[in-house]
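Each chain, letter by letter, is given below.
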Amino acid sequence: MGVAGVKDPPSTATAPTRVARSARTELTLTPGGADPDGRGPGTICHEYINDPPLESAVSALTVRPAQEQDREQVFAISATVWEGQDYIPLVWSGWMEESPEAGFTIAAEMDGQVVAVQHTALQPGAVAWMEGIRVHPDFRGQGIAHRLLADGIRESARMGARTVRLSTASVNQASRRVASGAGLRLVARFEVYSADPAASQGPGTRAISASFEHLERVGSLASGGTLLVADGWTAVELPTQASPGDFPIWLGAGDPVEAVALARPSPARPRLNLVHLAGTRDGIRDLGTQLRHEAHRRGLQRVTASLQLDGATKATLLDIGFQQQDDWDMLVFEGDVGSAMASLTG
Ligand SMILES: CC(C)(COP(=O)(O)OP(=O)(O)OC[C@H]1O[C@@H](n2cnc3c(N)ncnc32)[C@H](O)[C@@H]1OP(=O)(O)O)[C@@H](O)C(=O)NCCC(=O)NCCS
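## Here's the deal with the overall build of the chain
Stage number 1. Counting its secondary structure elements, the chain contains eight helices and 17 strands.
Stage number 2. By sequence separation, contacts in the chain at least 24 residues apart represent 73% of the contacts at least 6 residues apart.

Below you can see the structure in the form of structure tokens.
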């Protein structure tokens, strides 16, 4: 699960040891004040007392707001995934400092040990974006991720969210199971491309105004007039969740414009995130080339893109030096918060 501008590699999750879940799990809601630092909503503290206890010999799981003091244990979990390239250390401080209206981070604790973490970004348009779920390798396969997602959705509902979304890699079977277990359905598949910066320029390209007119002209908008874009591992829908101006780089090719590219520098890594590319084959060729030049000009290390593309556009990208991440795609799952709550309690 992702965060704006940051790439999350696919899970290396191993097949779990199945642990029977108690049919008689009690849920105790600890009232407000569970967050001693005053960060994040203070009402999440669900203690699950299992009778009989989980077969894993762990007696209880407590889900509570994550705190700055959890840093070391969370980073230790994070270091076990994707060869230490996980993005959580890059965003942790921001998560700890954000206002409750912007999002919240929850941690799961067993016998005093932090065993899992998850962040929820409360996006515009009453969307809860679930991301950064990490379960300690020794505690996987016990339903902890299912439980964290459920608690995240419940808290999001309390905060007014109506839609829940998350992304994961297509090969991440555990994560996909967790999403479908909460009643979320697959709504988009983004293929991942990247290219090195390059000095050569794309002829016939220029900066254009950030407007829906250009997107409409090149046929980018869905029937409802919206466009879902993936920015790193996060997806946002224009115009309901982001305005065209939120993406500072708008390039057009041709006059009048026959192809459009939207991009922005990643907030966390030295990369240019290409979030949308559409139009004629020649226009796309020029724009892709110009984006590589743009990364070069800005001293960035890479152009990365998660895109929903047709076959011709893919061929063009490969032709101009982009490489496709060939073993997985980024999937976006979505659900209505009310239905997800019903499926969680049902
Ligand atoms: C993905 C992850 C969060 C799941 O945590 P978890 O606590 O082990 O998950 P749960 O036990 O709640 O549920 C996992 C489900 O996936 C299934 N599963 C696990 N590994 C699997 C595999 N390799 N293939 C198929 N299914 C698998 C489990 O059987 C379970 O299925 P169920 O819904 O039928 O019960 C954990 O593996 C992890 O931290 N991975 C590394 C980080 C990561 O990938 N995060 C998600 C990024 S989007």
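From this point, things continue past the structure.
## Observations regarding helix α1 (residues 71-78)
Stage number 1. Those residues of α1 that fall on the buried side of the exposure criterion are Val74, Ile77 and Ser78. On an axial view of α1, the arc spanned by its buried residues comes to 100 degrees, and they lie on one face. Looking at α1, the residues exposed on the side facing more than 90 degrees away from the buried face are Glu72 and Ala76.
Stage number 2. Its buried side turned inward, α1 meets α2 (88-97), β5 (113-123) and β6 (127-135).

## Describing the pairing of strand β17 (residues 330-336)
Stage number 1. Counted residue by residue, β17 has five buried out of seven residues, so it is predominantly covered.
Stage number 2. Bridge count for strand β7 (residues 163-169) against β17 is seven bridges, and the pairing is antiparallel. Paired with threonine 168 across the strands is leucine 331, a residue of β17.
Stage number 3. Summarising the sheet, strand β8 (residues 185-195) and β17 pair through five bridges and their orientation is antiparallel. Within β17, the residue paired with phenylalanine 190 across the bridge is methionine 330.

## Some words on the confidence of the model for the chain
Stage number 1. When pLDDT is averaged along the chain, the result is 84, and 83% of the positions lie at 70 or above.
Stage number 2. Residue range residues 1-59 is modelled with pLDDT below 50. Its contacts to residues more than four positions away, or to other chains, number 135 contacts.

## Examining helix α6 (residues 281-297)
Stage number 1. Under the 1.5 Å per step criterion, the end-to-end length of α6 is 24 Å for 17 residues, consistent within 8% with the ideal 24 Å.
Stage number 2. Three or more residues of α6 are buried, namely Gly283, Ile284, Arg285, Asp286, Leu287, Gly288, Thr289, Gln290, Leu291, Arg292, Glu294 and Ala295.
Stage number 3. Two residues or fewer past α6, glycine 299 is found with a positive phi of approximately 70 degrees.

About the criteria used
Residues numbered from 1 in each chain as written. Predicted model: local features only at pLDDT ≥ 70, side-chain atom pairs only at ≥ 80, totals over all residues. Helix = DSSP H or I, 4+ residues; strand = E, 2+ residues; numbered from the N terminus. Contact = placed C-beta atoms within 7 Å. Buried ≥ 20, exposed ≤ 12 C-beta atoms within 10 Å, placed from the backbone. Arc of directions from axis to C-beta. Pairing = 2+ DSSP bridges. pLDDT = per-residue confidence, 0-100. Expected span 1.5 Å × (residues − 1).

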